[in-house]
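# Remarks on the overall topology
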Amino acid sequence: MRETRSDGDLLRAIAADGDRRAFEELYRRYAPWLLARLRGRCADAGVVDDVVQETFLAVWRGTARYREEGDVAGWLWRIGSRRLIDALRGDGARGRLRQTLSRLRHRDEASAEERVLAGVEHGDLAGALVRLSPELRAVLQATVIDGLTTREAAVLLGIPPGTVKTRAMRARKQLREALA
């Protein structure tokens, strides 16, 4: 039976002599996990697949160096999340993401969120949300429903982070007033 090598051993073998087997083992260990985590941040499976590949290419080519501080999963997550933000900043990725979101928003079937909002007993939350401007609704969707940070929402929506914060505050204020 073959002994399992540590993550550090695998990375040293990849960096020192381009050990393909070490790289394949590292990829099998972490690619599914990284893929699942990034899919939680981005709905576009094509963008996520590209980002995972780019992350491991950086490891293989040595452009990303592990300093043996912290765990390998955290290190790979930092590389992958930065690459995802870079991909979302690009016009091609942004266009694909906007198309995906627009298709999701214009379906005939009500989403789970819409069904929940329609059933709210106290106040007319669904009506208040409908009365918000599209810009304010988009910020609420990105930050509340999708769970993105202010910076991630800014990249997704193509607006500055300060604008995301301002629109979120305005949306919350308008919702409070409508539900009071």
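Structure: above.
Structure report, in brief. All values derive from a computational prediction rather than experimental measurement.

### Description of the packing of aromatic side chains
Any two aromatic rings considered together are summarised by their centre-to-centre distance and by the angle between their planes. Inspection of every chain in the model, using the stated rule, returns five aromatic pairs. With 4.8 Å between their ring centres and 70° between their planes, tyrosine 27 and phenylalanine 56 make a pair best called edge-to-face. Pair noted here: tyrosine 27 is in helix H2 (residues 20-39) and phenylalanine 56 is in helix H3 (residues 45-61), with a separation of 29 residues, a long-range link. Ring pairs connect the aromatic residues Phe23, Tyr27, Phe56 and Trp60, which therefore count as one cluster. Here arginine 37 stacks its cationic end above the ring of tryptophan 77, 3.9 Å away from the centre of that ring.

### Here's the deal with the packing of helix H8 (residues 134-145) against helix H10 (residues 161-179)
It is at 9 Å that the axes of H8 and H10 come closest, and there the two elements cross at 100°. Judged on the interaxial angle alone, H10 and H8 are roughly perpendicular. Contacts from Glu135, Leu136, Val139, Leu140 and Thr143 in H8 reach Val164, Arg167, Ala168, Arg170, Ala171, Gln174 and Leu175 in H10. In the contact of H8 with H10, the residues fall into seven nonpolar, two polar and three charged.

### Description of helix H1 (residues 7-17)
Listed as buried for H1 are Asp7, Gly8, Leu10, Leu11, Ala13 and Ile14. Where H1 is buried, its residues touch H2, H3 and helix H4 (72-89). Looking one or two residues past H1, glycine 18 carries a phi angle of roughly 60°, positive in sign.

### A look at the environment of arginine 172
Here arginine 172 lies in helix H10. Each C-alpha atom of the pair arginine 172 and leucine 136 lies 9.2 Å from the other, and the pair is 36 residues apart in sequence.

### Comments concerning the environment of leucine 179
Structurally, leucine 179 can be placed in helix H10. In this structure leucine 179 comes out as partly exposed when scored by relative accessible area, which is 37%.

### Regarding the nonpolar core
Grouped together as the largest cluster of nonpolar side chains are 28 residues, with contacts concentrated most on Leu11, Leu26, Leu38, Phe56, Val72 and Trp75. For this core, the elements supplying multiple residues, two or more each, are H1, H2, H3 and H4. At eight residues, H4 tops the list of elements feeding residues into this core. Beyond its immediate chain neighbours, meaning those up to four positions away, leucine 38 contacts Val48, Val51, Val52, Trp77, Gly80, Ser81 and Leu84. Core analysis: the next-biggest nonpolar cluster, separate from the first, contains 11 residues, Ala138, Ala154, Leu157 and Ile159 among them.

### Observations concerning the pattern of salt bridges
In the structure shown here, the tally under the stated rule is eight salt bridges. As a salt-bridge pair, arginine 12 and aspartate 9 come within 2.7 Å of each other at their nearest N and O atoms. Placement of the pair is arginine 12 and aspartate 9 together in helix H1, with a separation of three residues, close to one helical turn. Looking at arginine 12, the relative accessible area reads 38%, which means it is partly exposed. Of the charged contacts in the structure, one is a salt bridge between glutamate 25 and arginine 29, with a shortest N-O distance of 2.7 Å. A residue pair is termed a helical-turn pair when its members lie 3 or 4 positions apart in one helix, as glutamate 25 and arginine 29 do in helix H2 at four residues.

### Considerations on the packing of H3 against H4
The interhelical angle for the contact between H3 and H4, taken along N-to-C directions, is 130°, at an axis separation of 9 Å. Comparing the axis directions of H3 and H4 gives the class oblique. Relative to H4, H3 is oriented so that their crossing is right-handed. Contacts between H3 and H4 involve Val47, Val51, Glu54, Thr55, Phe56, Ala58 and Val59 from the former and Trp75, Leu76, Ile79, Gly80, Arg83, Leu84 and Ala87 from the latter. Grouping the amino acids of the contact of H3 with H4 by side-chain chemistry returns 10 nonpolar, two polar and two charged.

Conventions and cut-offs
The residue count restarts for each chain, going from 1 along the sequence in the order it is written. Where totals are concerned, whole chains, interfaces and linings use all residues; where local detail is concerned, this predicted model gives features only for residues with pLDDT of at least 70, and gives and counts side-chain atom pairs only at 80 or more. Calculated side-chain values reflect all of the structure's heavy atoms, with hydrogen atoms and water omitted. In this scheme Phe, Tyr and Trp rings, the latter by its six-membered ring, pair at centre separations within 6.5 Å, and the angle between planes marks the pair as stacked below 30 degrees, edge-to-face above 60, and tilted otherwise. Secondary structure is summarised from DSSP: a helix means a run of H or I of at least four residues, a strand means a run of E of at least two, and numbering begins at the N terminus for each. A ring has a charge above it when a Lys NZ or an Arg CZ is no more than 6 Å from the ring centre and no more than 35 degrees off the ring normal. Only C-alpha atoms enter the line fits that serve as axes; for helices the fit covers just the stretch in contact. Angles between N-to-C directions range over 0 to 180 degrees. Every angle not falling under 35 degrees, over 145, or within 65 to 115 is termed oblique; those three ranges are roughly parallel, roughly antiparallel and roughly perpendicular. Note on definitions: a residue-residue contact is assigned when non-hydrogen atoms from the two residues lie within 4.5 Å. Classes in brief: Ala, Val, Leu, Ile, Met, Phe, Trp, Tyr, Cys and Pro nonpolar; Asp, Glu, Lys and Arg charged; the others, Gly included, polar. Each residue gets one of three labels from its accessible area relative to the maximum for its type: buried under 20%, exposed over 50%, partly exposed in between, using a 1.4 Å probe on protein chains only. To define a nonpolar core, start from buried Ala, Val, Leu, Ile, Met, Phe, Trp, Tyr and Cys residues and group those joined through side-chain atoms within 4.5 Å. A pair is scored as a salt bridge if a Lys or Arg side-chain nitrogen falls within 4 Å of a carboxyl oxygen belonging to Asp or Glu. Each helix crossing is assigned a hand: it is left-handed if the near helix lies turned anticlockwise from the far helix by less than a right angle, otherwise right-handed if that turn is clockwise.

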